[in-house]
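# Survey of secondary and tertiary structure
What follows is each chain in one-letter form.
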Amino acid sequence: MRPSRRTVMGGAIALGAATPAIAAPRRVASLNACLDAMLVHLADRSQIAALSHYAREPHGSTVAAEARTLPFTWETAEEIIALQPDLVLASQHSALATRNALKRLHVPVERFAVPKTIAESLDQVRRVARLIGRPERGEQLVARIQAAIVAARPRPGTRRLSALIYQPNGFAAGPHTLADEMMTLAGFDNVARRYGLKSWGNVPLELLLADPPQVLLVGVPAPGARSWADRVMTHPALGALKGRMQQVRFPERLLYCGGPVLIQSAQAMAHARAEVLGVTA
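Now for a quick tour of the structure. (Residues numbered from 1 in each chain as written. Predicted model: local features only at pLDDT ≥ 70, side-chain atom pairs only at ≥ 80, totals over all residues. Heavy atoms only, no water.)

## With respect to the overall build of the chain
Each helix and strand in the chain was counted, giving 11 helices and 11 strands. Per-residue burial over the chain gives 45% buried out of 281 residues. Look at the contacts in the chain between residues 6 or more apart in sequence, and 60% of them connect residues 24 or more apart. A total of about 14,800 Å² of accessible surface is found on the chain, and carbon and sulfur atoms cover 56% of it. (Helix = DSSP H or I, 4+ residues; strand = E, 2+ residues; numbered from the N terminus. Buried < 20%, exposed > 50% of the residue type's maximum accessible area, 1.4 Å probe, protein only. Contact = heavy atoms within 4.5 Å. Areas by Shrake-Rupley, 256 points an atom, 1.4 Å probe, with all protein chains shown as cover.)

## Examining the state of the cysteines
Taken as a whole, this structure holds 1 disulfide when the rule is applied. What pairs with Cys-34 in a disulfide is Cys-257, and their sulfur atoms sit 2.0 Å apart. Given an S-S torsion of about -80°, the disulfide between Cys-34 and Cys-257 has left-handed geometry. Of this pair, Cys-34 sits in helix H2 (residues 33-42) while Cys-257 sits in the loop between strand E11 (246-249) and helix H11 (261-277), placing them 223 residues apart in sequence. (Disulfide = S-S within 2.5 Å.)

## Quick word on the sheet that holds strand E4 (residues 87-91)
With parallel pairing, 5 strands are arranged side by side in an open sheet as E3-E2-E1-E4-E5. Edge positions in the open sheet fall to strand E3 (72-73) and strand E5 (109-112), since each of these has one partner strand only. Both strand E2 (residues 48-52) and E3 contribute to a ladder of 2 bridges, which runs parallel. The partner of Leu-51 across the bridge, within E3, is Phe-72. (Pairing = 2+ DSSP bridges.)

## Some details on H11
Each α-helix winds once per 3.6 residues, and so residues spaced three or four apart point in a common direction. For H11, spanning 17 residues, the distance from its first C-alpha to its last is 25 Å, which sits close to the expected 24 Å at 1.5 Å a residue. Burial of H11 is extensive: 12 of the 17 residues sit out of reach of the surface. (Expected span 1.5 Å × (residues − 1).)

## Re the pattern of salt bridges
This model, assessed by the stated rule, comprises 7 salt bridges. Salt-bridge contacts for Arg-134 lead to Asp-44; the nearest nitrogen and oxygen are separated by 2.7 Å. With Arg-134 in the loop between helix H6 (118-131) and helix H7 (135-152) and Asp-44 in the loop between H2 and E2, the pair connects residues that are 90 residues apart, well separated along the chain. Here Asp-44 falls in the partly exposed class, since its relative accessible area comes to 25%. Note that Arg-160 is salt-bridged to Asp-189, the shortest N-O span being 2.8 Å. (Salt bridge = Lys/Arg side-chain N within 4 Å of Asp/Glu carboxyl O.)

## Topic: the sheet that holds strand E8 (residues 188-190)
In spatial order, the strands read E8-E6-E10-E11; together these 4 strands make up an open sheet with parallel pairing. Among the strands making up the open sheet, the edge pair consists of E8 and E11. Neighbour-to-neighbour, the strand axes of the sheet open up by a mean angle of 35°, direction not taken into account. Running over the sheet, H11 touches strand E6 (161-166), E8, strand E10 (215-218) and E11 and is turned about 150° from E11. (Axes fitted to C-alpha atoms, helices over the stretch in contact; angles between N-to-C directions.)

## Observations regarding H6
In a regular helix each residue adds 1.5 Å, so 14 residues correspond to 20 Å; H6 covers 20 Å between its end C-alpha atoms and thus fits that length. For H6, every residue scored as buried is listed here: Ile-118, Ser-121, Leu-122, Gln-124, Val-125, Val-128 and Ala-129. Down the axis of H6, the buried side of the element spans an arc of 155°, and every buried residue falls inside it. Residues of H6 that are buried make contact with H2, E4, E5, H7, helix H8 (178-185) and H11. Two residues or fewer after H6 comes Gly-133, characterised by a positive phi angle close to 80°. (Arc of directions from axis to C-beta.)

## Here we look at the packing of aromatic side chains
Taken as a whole and judged by the stated rule, the model has 4 aromatic pairs. Ring centres 5.8 Å apart and planes at 75° place the aromatic pair Phe-72 and Trp-74 in the edge-to-face group. Its relative accessible area of 32% is what places Phe-72 among the partly exposed residues. Judged by its relative accessible area of 55%, Trp-74 is exposed. Ring centres of Trp-200 and Tyr-256 lie 5.1 Å apart, and the angle between their planes is 55°; this geometry places the pair in the tilted category. Here the residue Trp-200 occupies a position in strand E9 (residues 200-202), and Tyr-256 occupies one in the loop between E11 and H11, the gap between them amounting to 56 residues. Classification of Trp-200 by relative accessible area gives partly exposed; the value is 30%. On the basis of relative accessible area, Tyr-256 is assigned to the partly exposed category, the value being 33%. Counting every residue linked through ring pairs, the aromatic cluster contains Phe-171, Trp-200 and Tyr-256. The ring of Phe-112 has Arg-127 lying over it, and the distance from NZ or CZ to the ring centre is 3.9 Å. (Phe/Tyr/Trp six-rings, centres within 6.5 Å; stacked < 30°, edge-to-face > 60°. Lys NZ or Arg CZ within 6 Å of the ring centre and 35° of its normal.)

Shown next, in the form of structure tokens:
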């Protein structure tokens, strides 16, 4: 006699109830600064086996204070293996030798690409949260990011401003980048396109002087910096554009990561726009 649909479904439910839930990883290591920030915001402190050494750099990390109280590595395979992690978070730019060594030793590694849109970044937050067994925290963080982006949008009728991100060595965000989308939502028209940028790239000082935007979101030189890469952001020639172009400080650490960093990035862009327009953000 063939079993009834009710019998089959009842058996499946019973089997599902008897199947134990997959345990959350107990020791998670990160090999990437952007993943470090997500791990700090999403994981239990006891879950974090180590962050990358980048997480401790105050000039480049948004979680430096927390990171200095947590273990870290220099991304070598020997260090990671010694930690005995049950999950490693890596980017496509993490050291290939380390990733290959971990693969040979069957250490679980989850690799992440660089997000190019806000949607991709939010998907990564949810993915990390699921991987570490904290999906509810992922949704809470996504909600906070979305709220910050909404708050950074200009009021209806506010005039848009042409702008360029200008970081060490004249490095700028062009189209098809997360920073470009954030600028657009915050009321800026990114002029990197007219300088020929198709993604991230360098804008020569001569081009900037010949055709300046209204706003330069300029980086903050590293303490004690003496290199040309840093000096270009404060080049005396930029002073000749006073009255035509306004400079607003925009920390480099807010540019290259998505996830929770977008909250601070959105707030900084809103404040930059308000400063130029002389209004309250």
